[in-house]
Protein chains: 2
Amino acid sequence: MNATLSTRDRILGAAEALFAQRGFDGASLRQLTAAAGVNLAAVNYHFGSKEKLVEEVFRRRLDALNADRLAALGRLGDKHPPTLEEVLAAYIRPALELSHEGNGALFMRVLARAFAEHDGTLRQFLSDNYGHVMRQFTAEFARLLPHLSKPELYWRIDLVTGALTHAMSGFGMIQRQEDVSEQAHREQTVQHLIRFAAAGLSHP
Amino acid sequence: MNATLSTRDRILGAAEALFAQRGFDGASLRQLTAAAGVNLAAVNYHFGSKEKLVEEVFRRRLDALNADRLAALGRLGDKHPPTLEEVLAAYIRPALELSHEGNGALFMRVLARAFAEHDGTLRQFLSDNYGHVMRQFTAEFARLLPHLSKPELYWRIDLVTGALTHAMSGFGMIQRQEDVSEQAHREQTVQHLIRFAAAGLSHP
DNA sequence: CGTATGCTCAAACGATCGTTTGAATCGTAC
DNA sequence: GTACGATTCAAACGATCGTTTGAGCATACG
């Protein structure tokens, strides 16, 4: 295992990979600590419990991701009425960049798993800590799509969110063409997602 | 518990509800059999193992659902070029009808959980047994959207599938207005989903 | 009546789970 | 060098997991 990382970070990395592969219940602390090359008791020493470890896996990635999203949204505020595509880019591009660095793609799968949980403390945790980001984007969408009723808008946002989460959780499998650069491929993917989301949000 | 149902069906019903709520690993056979009002050993007697029970939960619902979908698609074949909206209706309406009968809405949540699993025997099982339905609809979409490249089409279908699965897994929570009938509300929802999917598939 | 057959039951199996413990080891500051 | 907090370690804890067992009970058939 990577000896340059702290025990804490090795656990977080292994947890991310195993949660993505086997789920939160399916991944045991014994598999997890073995993969990380640390002692079994290290999880409870550094995180307190398995549940706290799960929360920390999300916190580590989502703090940065949501900060990036809000920063991108804030940058749009300067030029007064941003377009729908620009707002969507502020939401989508940071997630796509995350999914191309390190274990980022695995984290998107973990996020998709959390999406499928319709109750439990995890959903509450995510809503409590990161709901404000979704609320801010929703407000922006409402300003850009004033002809939609509130229920209709929420419906569409829910559908778009489901589509994006599902798609991004599969990024590990997408092969880019040999003749396009990593950068170009990513930008191309962003444009695909943005156009899809814009069509779903703003169709008559 | 409902004494008119067989032990087998009581188990399947309780399994569906508990898998939706706690996941496949999270729901134990002891919780499950207690909820069903049957003996613990009944699961292994009637199904062989927990994994086989999971498969049977899917088989029971998906056999009927996919038969309905293919039948609806077949009925379209009569009038020669069906519209995109008609093909989408053939895919969406049977699922929505299922989600309004009995525990159908819970099953859609179970399906969404299975979607989040990126490996494991469950995904293989679903692909083996029900992949042909998705392939048939994909062929129909390809005929209706000939201007899209194959990768582009697959992308869009993947996004639409993610959106629909996510949306339908939340149907338990949607309240219909007092002044619209059950039937009208369902038809309204179908139209929302169809229009969203059509926009996402066919946008320029 | 006797006896198969299908099903249910309480009880137990070994395995694995998350967590706790107390000693061993490390790195630093005095 | 010694004392001390932080960390790691092997070992064990009780609980719960999926599965198996063998006896018990019912219904149907000869």
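Before reading further, recall that the structure is shown in the block above.
Note that the structure is predicted; figures quoted are calculated from it, not measured. (Residues numbered from 1 in each chain as written. Chains lettered and ligands numbered in written order. Predicted model: local features only at pLDDT ≥ 70, side-chain atom pairs only at ≥ 80, totals over all residues.)

(A) Focus on the overall build of chain A. A tally of helices and strands in chain A yields nine helices and zero strands. Listing the helices and strands of chain A from first to last along the sequence gives α-α-α-α-α-α-α-α-α. Computed over its C-alpha atoms, the radius of gyration of chain A comes to 18 Å, within 12% of the 17 Å expected for a compact globule of 204 residues. Over its C-alpha atoms, taken along the principal directions, chain A stretches across nearly 55 × 45 × 30 Å. Contacts in chain A between residues far apart in sequence, at least 24 positions, make up 69% of those at least 6 positions apart. (Helix = DSSP H or I, 4+ residues; strand = E, 2+ residues; numbered from the N terminus. Rg over C-alpha atoms; globule rule 2.2 N^0.38 Å. Contact = placed C-beta atoms within 7 Å.)

(B) Fine view of the protein's contact with DNA strand D. As a structural note, the neighbourhood of DNA strand D is formed by 16 residues, with Thr7 and Asn39 of chain A together with Ser28, Ser49 and Lys50 of chain B the closest of them. When grouped by side-chain class, the residues that make up the surface near DNA strand D number eight nonpolar, five polar and three charged. (Near = placed C-beta within 6 Å. Nonpolar A, V, L, I, M, F, W, Y, C, P; charged D, E, K, R; others polar.)

(C) Structural view of the protein's contact with DNA strand C. Ser28, Ser49 and Lys50 of chain A together with Thr7 and Asn39 of chain B are the nearest of the 16 residues found near DNA strand C. Those elements that place two or more of their residues in the surface near DNA strand C are helix H2 (29–36) and helix H4 (50–78) of chain A together with helix H3 (42–47) of chain B. In terms of residue class, the surface near DNA strand C is built from eight nonpolar, five polar and three charged.

(D) Representation of the nonpolar core within the structure. In terms of nonpolar packing, the biggest core is built from 98 residues, with Ala15 and Ala163 of chain A together with Ala15 and Ala163 of chain B touching the most fellow members. Every residue in contact with alanine 15 of chain A, bar those within four places of it in the chain, is listed here: Leu32, Leu53 and Val57 of chain A. (Core = buried A, V, L, I, M, F, W, Y, C linked by C-beta atoms within 7 Å. Buried ≥ 20, exposed ≤ 12 C-beta atoms within 10 Å, placed from the backbone.)

(E) Broad picture of the relation of the copies chain B and chain A. The two copies are related by a screw operation: chain B maps onto chain A through 180° of rotation and 0.0 Å of translation along the axis, at an RMSD of 0.0 Å. Such a turn and shift between the copies fits a two-fold axis. Closest to the rotation axis within chain B is the C-alpha of alanine 163 of chain B, separated from it by 2.1 Å. When you check the interface residues of chain B against chain A, 96% turn up at the interface there too, and the contact is symmetric in its surfaces. (Least-squares fit on C-alpha atoms with pLDDT ≥ 70 in both.)

(F) Molecular detail of the interface of chain B and chain A. Contact residues are listed per partner, giving 27 residues for chain B and 26 residues for chain A. Looking at the side of chain B that touches chain A, the element that brings in the most residues is helix H8 (residues 150–168) of chain B, giving ten residues. Per-class residue counts for the side of chain B that touches chain A are ten nonpolar, ten polar and seven charged.

(G) Quick look at the environment of alanine 114 of chain B. Residues and elements named next belong to chain B. Relative to the elements of secondary structure, alanine 114 occurs in helix H6 (residues 104–116). When the 20 C-beta atoms within 10 Å are taken as the criterion, alanine 114 is described as buried. Between the alpha carbons of alanine 114 and tyrosine 154 there is a distance of 20 Å; along the sequence they are 40 residues apart.

(H) Looking closely at helix H5 (residues 84–98) of chain A. Residue and element names in this part refer to chain A. The first and last C-alpha atoms of H5 sit 22 Å apart over 15 residues, in line with the 21 Å expected at 1.5 Å per residue. Along H5, the sharpest change in direction is near 30° and occurs at alanine 90; proline proline 94 comes one to four residues later. All of the buried residues along H5 are Val87, Leu88, Ala89, Ala90, Tyr91, Ile92, Ala95, Leu96 and Leu98. Where H5 is buried, its residues touch H4, helix H6 (104–116), helix H7 (121–144), helix H8 (150–168) and helix H9 (182–202). (Expected span 1.5 Å × (residues − 1). Bend = angle between axes of the 7 residues up to and from the residue.)

(I) Spotlight on the packing of H8 of chain A against H8 of chain B. Running from N to C, H8 of chain A and H8 of chain B point in directions that differ by 120°, and their axes come no closer than 7 Å. Relative to H8 of chain B, the element H8 of chain A is oriented oblique. Judged by the sense of rotation from one axis to the other, the crossing of H8 of chain A with H8 of chain B is right-handed. Counting all contacts with H8 of chain A, which are made through Asp158, Leu159, Val160, Gly162, Ala163, Thr165, His166 and Ala167 of chain A, the residues of H8 of chain B involved are Asp158, Leu159, Val160, Gly162, Ala163, Thr165, His166 and Ala167 of chain B. Taken together, the residues of the contact of H8 of chain A with H8 of chain B sort by class into eight nonpolar, six polar and two charged. (Axes fitted to C-alpha atoms, helices over the stretch in contact; angles between N-to-C directions. Parallel < 35°, antiparallel > 145°, perpendicular 65-115°, else oblique. Left-handed = near helix turned anticlockwise from the far one by under 90°.)

(J) Representation of the environment of leucine 32 of chain A in the model. By the element assignment, leucine 32 of chain A lies in helix H2. Its 23 C-beta neighbours within 10 Å are what place leucine 32 of chain A among the buried residues.

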